[in-house]
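Analysis of the macromolecular model
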Amino acid sequence: MILLLEDNKFFCEIFSEYLKNKQFDIIYKHKVDEAIEFVKQQRNKIKLCIVDILLNGRNGFSFVEFLHNFNNENNYDIKYIFLTGCHKDLKYYERIIEIMNSNEGKKYCYSYIVKDDFLYIKDDILNILNKFK
């Protein structure tokens, strides 16, 4: 199962429908707290989280921090991919790179996807996601 953490409901519908048509089991949540509770309840089923950076309320970085701690404390290996529309904002890009280069990031962060490029790289995204089926 893939968990998509994204606050843009329209994007969630399009992205999840696209992946469901490609035989992926995907659930989406719009808030960090909802996603955290879902991971705690469904930890044995989730193989991958796709995490938006800019969310209403808490940001995706706080969810990733939770995921690092949850994985380490419970001996899980739930991977994640950053999903961002803010790749041109240097402070977010630097934070993504910092996390990806950290010990936890090297262990759990698989990649990052730029939302703006989705239509152009959807086949590349499928190739990545197929590794988590």
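Refer to the structure above for everything that follows.
Described below are features of the structure shown in this document. Fair warning: this is a prediction, and the values are worked out from it, not measured in the lab.

**What about the pattern of salt bridges?**
This structure, assessed with the given rule, holds 4 salt bridges. Between Asp33 and Arg58 there is a salt bridge, with its nearest N and O atoms 2.5 Å apart. Of this pair, Asp33 sits in helix α2 (residues 32-42) while Arg58 is found in the loop between β3 (48-52) and α3 (60-74), placing the two residues 25 residues apart along the sequence. Note on Asp33: relative accessible area 48%, which makes it partly exposed. Owing to a relative accessible area of 39%, Arg58 belongs among the partly exposed residues under this scheme.

**Some details on the nonpolar core**
By size, the foremost hydrophobic cluster in this structure holds 27 residues, and its most contacted members are Val39, Cys49, Phe63, Leu67, Tyr80 and Phe82. Contributions of two or more residues to this core are made by β1 (2-5), α2, β3, α3, β4 (79-84) and α4 (90-101). Counting residues per element, this core draws most heavily on α3, at 6 residues. When residues no more than four places from it in sequence are discounted, the contact partners of Leu67 are Val39, Cys49, Ile78, Lys79 and Tyr80. Core analysis: the second largest hydrophobic core is formed by 18 residues, Ile2, Ile125, Leu126 and Phe132 among them.

**Considerations on helix α1 (residues 9-21)**
The end-to-end C-alpha distance of α1 is 18 Å, a good match for the 18 Å that 13 residues give at a rise of 1.5 Å each. Restricting attention to buried positions, one finds in α1 the residues Phe11, Cys12, Phe15, Ser16, Tyr18 and Leu19. Down the axis of α1, the smallest arc covering the buried residues is 155 degrees, so these residues share one side. Summarising the geometry of α1, the exposed residues directed more than 90 degrees from the buried face are Lys9, Phe10 and Asn21. Of the residues trailing α1, Gln23 is marked for its positive phi of about 75 degrees.

**Here's the deal with the sheet that holds strand β5 (residues 109-114)**
The strand order β2-β1-β3-β4-β5 describes an open sheet built from 5 strands, whose pairing is parallel. With one partner strand each, in any of the chains shown, β2 (26-29) and β5 form the two edges of the open sheet. Direction aside, the axes of adjacent strands within the sheet are offset by 20 degrees on average. With 4 bridges joining them, β1 and β3 adopt parallel strand pairing. Looking at β3, one finds that Ile2 is bridged to Leu48. Where α2 meets the sheet, its contacts fall on β1, β2 and β3, and the angle it forms with β1 comes to roughly 165 degrees.

**Digging into the packing of aromatic side chains**
According to the stated counting rule, one finds 7 aromatic pairs in the structure shown. Residues Phe70 and Tyr76 carry aromatic rings whose centres are separated by 5.5 Å and whose planes lie at 15 degrees to one another, so their mutual orientation is stacked. Where Tyr93 meets Tyr112, the ring centres are 6.3 Å apart and the plane angle is 70 degrees; that geometry is what we call edge-to-face. On the criterion of sequence distance, the pair formed by Tyr93 in helix α4 and Tyr112 in strand β5 is long-range, its members being 19 residues apart. Three or more aromatic residues link up through ring pairs in this structure, and these residues are Phe63, Phe66, Phe70 and Tyr76. Between Arg95 and the ring centre of Phe61, over which it is positioned, the NZ or CZ distance is 5.5 Å.

Scoring rules and cut-offs
- Along each chain, the written sequence defines residue order, and numbers are assigned to residues from 1.
- Owing to the predicted nature of the model, reporting of local features is limited to residues with pLDDT of at least 70; listing and counting of side-chain atom pairs is limited to 80 or more, with chain, interface and lining totals taken over all residues.
- To obtain the side-chain values, all non-hydrogen atoms of the structure were included, while hydrogens and water were left out.
- By definition, a salt bridge exists where a carboxyl oxygen of Asp or Glu is found within 4 Å of a side-chain nitrogen of Lys or Arg.
- Secondary structure elements are taken from DSSP: a helix is a run of H or I of four residues or more, a strand is a run of E of two residues or more, and numbering for both begins at the N terminus.
- Categorising residues by exposure relies on relative accessible area from a 1.4 Å probe, with only protein chains included: less than 20% of the type maximum marks a residue as buried, more than 50% marks it as exposed, and the intermediate range marks it as partly exposed.
- In plain words, nonpolar cores are sets of buried Ala, Val, Leu, Ile, Met, Phe, Trp, Tyr and Cys residues tied together by side-chain atoms within 4.5 Å.
- Throughout, a contact is declared for two residues whenever any of their heavy atoms are within 4.5 Å.
- Multiplying 1.5 Å by the residue count of a helix minus one yields the expected span of that helix.
- What the arc covers is the set of directions going from the helix axis to the C-beta atoms.
- Two strands are counted as paired when DSSP detects at least two bridges linking them.
- The axes used here are C-alpha line fits, helices contributing only the stretch in contact, and every angle between their N-to-C directions lies in the interval 0 to 180 degrees.
- Ring pairs are drawn from Phe, Tyr and Trp, using the six-membered ring of Trp, whenever the two centres fall within 6.5 Å, and their geometry is named by plane angle: stacked under 30 degrees, edge-to-face over 60, tilted for the rest.
- Note on geometry: a ring has a charge over it if NZ (lysine) or CZ (arginine) is within 6 Å of the ring centre and within 35 degrees of the ring normal.

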